[in-house]
Structure formats: structure tokens, C-alpha cells
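Inside the fold
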Amino acid sequence: MQSTVDGLSPEVRRAVLAELFRMGADASREHSDRAPCLPYTLRLDVADCRMLVELDPTRTRLSLTGLTRPRPH
């Protein structure tokens with residue numbers, strides 16, 4: 001995944017990483033006082049990219065598992 005993220009334009013890369021950071025912070029806040037739950041996958045569209053993100057709230061782990069971007073015209 002790192003090479004795909006590295007291949008994004010700087011603006012798109014910032015948007016993707018900012019969204020991952022926001023999601024991680026939100027998940028940590030929302031699940032800190034709750035009972036453990038199973039990991040789940042989210043599909044997001046950010047800056048014209050389709051992201052697949054696995055979130056494991058119990059372990060406060062967020063993993064980018066897929067990233068596709070549109071081809072240049």
C-alpha cells in the first residue's frame with residue numbers, strides 16, 4: 001500500500017492521510033469506554049480515491065487495506 005500512497009499527488013496524499021488520522025482519532029474516542037467489538041472494514045471515497053480501511057476498535061488499530069485512484073485523462 002505504501003507505494004500506492006507514495007504515488008498520489010501531494011494534495012491527494014494529504015487528504016487521504018488526514019482522513020485516516022481523523023478516523024483513527026474518532027474511533028479511539030468513541031470506543032474507549034465500550035465493550036470490545038470485532039474489526040470491521042469501511043469503504044470510503046476521499047479526494048477521488050476509493051479507500052478500504054480495516055478498523056479494529058478494541059486494539060485501536062486502523063489499517064489501509066485498499067486504495068484505488070482514477071486514471072489520469
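Residues numbered from 1 in each chain as written. Predicted model: local features only at pLDDT ≥ 70, side-chain atom pairs only at ≥ 80, totals over all residues. Heavy atoms only, no water.

1. Topic: the environment of Leu 42
The condition that has to hold: For helices the rule is a DSSP run of H or I covering at least 4 residues; for strands it is a run of E covering at least 2, with both sets numbered from the N terminus onward. Note on definitions: a residue-residue contact is assigned when non-hydrogen atoms from the two residues lie within 4.5 Å.
Note that Leu 42 resides in strand β1 (residues 40-46). For the pair Leu 42 and Arg 29, spaced 13 residues apart in sequence, the C-alpha separation works out to 18 Å. Leaving out residues up to four positions away in the same chain, Leu 42 has contacts with Met 23, Met 51, Leu 52 and Val 53.

2. Examining the pattern of salt bridges
The condition is simple: Salt bridge, as used here, is a side-chain nitrogen of Lys or Arg placed within 4 Å of a carboxyl oxygen of Asp or Glu. Relative accessibility decides the category of a residue: with a 1.4 Å probe and only protein chains considered, values under 20% of the type maximum give buried, values over 50% give exposed, and everything between is partly exposed.
All chains considered together, the criterion is met by three salt bridges. For Glu 19, the salt bridge goes to Arg 22, with nearest N and O atoms at 2.5 Å. Of this pair, Glu 19 and Arg 22 both sit in helix α2 (residues 10-31), separated by three residues, roughly a single helical turn. By relative accessible area, Arg 22 is classed as partly exposed at 39%. Residues Asp 45 and Arg 50 are paired through a salt bridge, measuring 2.7 Å at the closest nitrogen-oxygen approach. Beyond isolated ion pairs, a larger network of salt bridges with shared partners links Glu 19, Arg 22 and Asp 26.

3. Some words on the nonpolar core
Stated precisely, the cut-off is as follows: Side-chain atoms within 4.5 Å are what join buried Ala, Val, Leu, Ile, Met, Phe, Trp, Tyr and Cys residues into a set we call a nonpolar core.
Counting 13 residues, the largest nonpolar core has Val 16, Met 51 and Val 53 as its most contacted members. Looking at this core, the elements with two or more residues in it are α2, β1, β2 (49-56) and β3 (61-68). It is α2 that contributes the most residues to this core, four residues altogether. With residues near it in sequence (within four places) discarded, Val 53 still touches Leu 20, Met 23, Tyr 40, Thr 41, Leu 42, Leu 44, Leu 62, Ser 63, Leu 64 and Thr 65.

4. Topic: the pairing of β2
Looking down a regular strand, the side chains alternate between one sheet face and the other. Rules: Here, a strand pair is defined by DSSP locating no fewer than two bridges between the strands.
Strand direction decides the pairing type here: β1 and β2, joined by seven bridges, are antiparallel. Residue pairing for β2: Val 46 is matched across the bridge by Cys 49. The loop that links β1 with its antiparallel partner β2 comprises two residues; one of these, Ala 47, has a positive phi angle of about 50 degrees. Between the end of β2 and the start of β3, which pair antiparallel, lie four residues, with Thr 60 showing a positive phi angle near 50 degrees.

5. Here's the deal with the sheet that holds β1
How we decide: Every axis corresponds to a line fitted to the C-alpha atoms, with the helix fit spanning only the stretch in contact, and the corresponding angles, defined between N-to-C directions, vary from 0 to 180 degrees.
The antiparallel open sheet is built from three strands, whose spatial order is β1-β2-β3. Edge positions in the sheet fall to β1 and β3, since each has one partner strand and no second. The sheet shows a mean angle of 25 degrees between the axes of neighbouring strands, taken without regard to direction.

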